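Each chain, letter by letter, is given below.
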Amino acid sequence: RGRRNVVVIPMGEIGLAGRILSLRTGSALTYAAVEQATAPGQLSLDAMQDLYHAGKITRRTRVYGVIGNPIGHSLSPLLHNTAFGARKLDAVFVPFLVGDLRDFLRCIKSFGISGFAVTIPHKEQILRHLDDCDPLAARIGAVNTVVVRGPGRLYGYNTDYVGVLRSLESRMRLAGSRVLLFGAGGAARAAAFALVQAGSIVCLTSRRPERARSLARAAGAQAVNRSELRREYFDAIVNCTPVGMYPHGGAPLASVELNCRIVMDMVYRPRETELLRNARKKGIETISGLEMFLAQGYAQHEIWTGERAPEAPMRRAVVGVLSREEKSQGKGRGKRPL
């Protein structure tokens, strides 16, 4: 502080956010790769300028972010920085790779963070560190959106349930429908409570059956053994796990277990996961996780800023990146991307 001859460049993927935010706290400059990164955590010059608008960051710039592990796949920075630009807000949204949640929370004041999104694996753990919580989020038992109020007081919300409802209710009648959720983590908790409240008959199965049974009891749902799926029929099946996420691929359920009218995947990158491709081959209607990602992101923007989200530019930005990725991967492999 007070020195103009200091350059601070945090290293590694865990230091990526710090590379951007060091400018906010007085670093004379930061480093960006012009052609290609030579070390983990380096950003390209285009990303530094066009995505994070690093040259315009000052001490008055409000800081938001997303915490998770892993976090490199997240398009939340693109989504929210596009919204800030469209609304001409002096704010920046950065990714934080967080292994130790308490370590991140101790840094909120020094980074000047006004709010943050929460993703895997911290959606349930964060509840223990909040000063207050929206009643619905508390009932769900998972938080994906945090507002920092006053001197470091944390207030939690859940917008995942908005994404689930908006994605499914546009394709089917929720009341009386039978919906299978695969998974029992924070995203599954939001989906289970939301759908039960909407009148759906919710069934849960998970790689850890005891967690599925526990969530079923809490939400008023039913636990189903995975061995029964080949004989069961559902109006919709929703993947609430990260299985299938870029760049790893894979499918959480086999084709013979997809006995339903609609399959929805919460994974949004890629837009068409292996699970959705398998469903489409069976003639099953599919819903990309992109719809949920966008809907929950719109709600986050409104919570943080008090303004209506600029939905059109937010959607265009994310769809544009995903479309370019698909074309690039398709050319590289001579077929559709995995």
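Residues numbered from 1 in each chain as written. Predicted model: local features only at pLDDT ≥ 70, side-chain atom pairs only at ≥ 80, totals over all residues. Heavy atoms only, no water.

## So, the overall build of the protein chain
And step 1. The helix and strand inventory of the protein chain stands at 12 helices and 12 strands.
And step 2. The C-alpha atoms of the protein chain give a radius of gyration of 21 Å, which matches the 20 Å a tight globule of 338 residues would have.
And step 3. Along the longest, intermediate and shortest principal axes, the C-alpha atoms of the protein chain span 70 × 50 × 35 Å.
And step 4. A burial count over the protein chain gives 52% of its 338 residues as buried.
And step 5. The long-range share in the protein chain, meaning contacts at least 24 apart out of those at least 6 apart in sequence, stands at 62%.
And step 6. Counting only carbon and sulfur atoms, one obtains 49% of the accessible surface of the protein chain, whose full area is about 16,000 Å².
And step 7. Within the protein chain, one finds 48 positive and 28 negative side-chain charges whose respective centroids are separated by 2 Å. (Helix = DSSP H or I, 4+ residues; strand = E, 2+ residues; numbered from the N terminus. Rg over C-alpha atoms; globule rule 2.2 N^0.38 Å. Buried < 20%, exposed > 50% of the residue type's maximum accessible area, 1.4 Å probe, protein only. Contact = heavy atoms within 4.5 Å. Areas by Shrake-Rupley, 256 points an atom, 1.4 Å probe, with all protein chains shown as cover. Lys, Arg positive; Asp, Glu negative; His and termini not counted. Charge placed at Lys NZ, Arg CZ, Asp CG, Glu CD.)

## Regarding the sheet that holds strand 3 (residues 113–118)
And step 1. Read from one edge of the open sheet, six strands run 2-1-3-5-6-4, paired in mixed fashion. Two strands close off the open sheet at either side, each with one partner strand: strand 2 (91–97) and strand 4 (132–133).
And step 2. As defined by bridge partners, strand 1 (residues 62–68) adjoins strand 2 across seven bridges and the pair is classed as parallel. Within the sheet, the bridge partner assigned to isoleucine 67 lies in strand 2 and is phenylalanine 96.
And step 3. Running over the sheet, helix 3 (residues 76–86) touches strand 1 and strand 2 and is turned about 170° from strand 2.
And step 4. Helix 11 (residues 289–305) rests against strand 1, strand 2, strand 3, strand 5 (145–149) and strand 6 (153–157) of the sheet, and its axis sits at about 10° to strand 5. (Pairing = 2+ DSSP bridges. Axes fitted to C-alpha atoms, helices over the stretch in contact; angles between N-to-C directions.)

## Here's the deal with the packing of helix 7 (residues 160–169) against helix 11
And step 1. Relative to each other, helix 7 and helix 11 sit at 130°, their axes nearing to 7 Å. Classed by the angle they form, the pair helix 7 and helix 11 counts as oblique. Pair helix 7 / helix 11 crosses with right-handed handedness. Each of Asp160, Val162, Gly163, Val164, Arg166 and Ser167 in helix 7 lies in contact with helix 11, whose residues at this interface are Glu291, Met292, Ala295, Gln296 and Tyr298. (Parallel < 35°, antiparallel > 145°, perpendicular 65-115°, else oblique. Left-handed = near helix turned anticlockwise from the far one by under 90°.)

## Section: the nonpolar core
And step 1. Among the nonpolar cores identified, the biggest contains 33 residues, and Leu168, Leu181, Leu195, Leu215, Val238 and Met266 are the most heavily contacted of them.
And step 2. Contributing elements (two or more residues each) for this core: helix 7, strand 7 (178–182), helix 8 (186–197), strand 8 (201–205), helix 9 (209–219), strand 10 (234–239) and strand 11 (260–265).
And step 3. A per-element tally of this core places helix 8 first, with eight residues.
And step 4. Here methionine 266 is in contact with Val164, Ala187, Ala191, Val238, Asn239, Cys240, Gly289 and Met292, once residues within four sequence places are set aside.
And step 5. Grouped together as the second largest cluster of nonpolar side chains are 32 residues, Leu43, Ala47, Phe96 and Val143 included. (Core = buried A, V, L, I, M, F, W, Y, C linked by side-chain atoms within 4.5 Å.)

## Regarding the pattern of salt bridges
And step 1. Counted under the stated rule, the structure contains 13 salt bridges.
And step 2. Arginine 102 is paired through a salt bridge with aspartate 100; the nearest N and O atoms lie 3.9 Å apart.
And step 3. We classify arginine 102 as exposed; its relative accessible area is 53%.
And step 4. Between glutamate 124 and arginine 211 there is a salt bridge, and its shortest N-O distance comes to 3.1 Å. You can see glutamate 124 sitting in the loop between strand 3 and strand 4 and its partner arginine 211 sitting in helix 9, a full 87 residues away along the chain. (Salt bridge = Lys/Arg side-chain N within 4 Å of Asp/Glu carboxyl O.)

## Side note on helix 9
And step 1. If you check which residues of helix 9 are buried, you get Ala212, Leu215, Ala216 and Ala219. The arc that holds the buried residues of helix 9, viewed along the axis, is 105°, so those residues lie on one side.
And step 2. For helix 9, the secondary structure elements touched by its buried residues are helix 8, strand 8 and strand 9 (222–223).
And step 3. Glycine 220 sits one or two residues past helix 9 and shows a positive phi near 80°. (Arc of directions from axis to C-beta.)

## Things to note about the pairing of strand 11
Each regular strand shows side chains that alternate between the opposite faces of the sheet.
And step 1. Burial analysis of strand 11 places five of its six residues in the buried class, which makes it a mostly covered element.
And step 2. Relative to strand 11, strand 10 runs parallel, the two being bridged by five bridges. Note on strand 11: the bridge partner recorded for phenylalanine 234 is cysteine 260.
And step 3. As paired elements, strand 11 and strand 12 (residues 285–287) share three bridges and run parallel to each other. By the bridge assignment for strand 12, isoleucine 262 is matched with glutamate 285.
And step 4. Handedness of the β-α-β unit built from strand 11, helix 10 (residues 274–281) and strand 12 comes out right-handed. (Right-handed = clockwise from strand over helix to strand, strands pointing away.)

## Observations regarding the packing of aromatic side chains
And step 1. Scanning the entire structure with this criterion turns up eight aromatic pairs.
And step 2. Note on phenylalanine 104 and phenylalanine 116: the rings are 5.1 Å apart at their centroids and 80° apart in plane angle, and the pair reads as edge-to-face. Of the two residues, phenylalanine 104 sits in helix 4 (residues 101–105) while phenylalanine 116 sits in strand 3, which places them 12 residues apart along the sequence.
And step 3. Centroid distance tyrosine 268 to phenylalanine 293: 4.0 Å. Interplanar angle 15°. Geometry classified as stacked. Of this pair, tyrosine 268 sits in the loop between strand 11 and helix 10 while phenylalanine 293 sits in helix 11, and the two are 25 residues apart along the sequence.
And step 4. With a relative accessible area of 10%, tyrosine 268 lands in the buried category.
And step 5. Residue class for phenylalanine 293 comes out buried when judged on its relative accessible area of 6%.
And step 6. Every member of this aromatic cluster is reached through a ring pair, and the members are Tyr64, Phe84, Phe93 and Trp304.
And step 7. Directly above the aromatic system of tyrosine 155 lies the positively charged group of arginine 149, at a separation of 4.3 Å from the ring centroid. (Phe/Tyr/Trp six-rings, centres within 6.5 Å; stacked < 30°, edge-to-face > 60°. Lys NZ or Arg CZ within 6 Å of the ring centre and 35° of its normal.)

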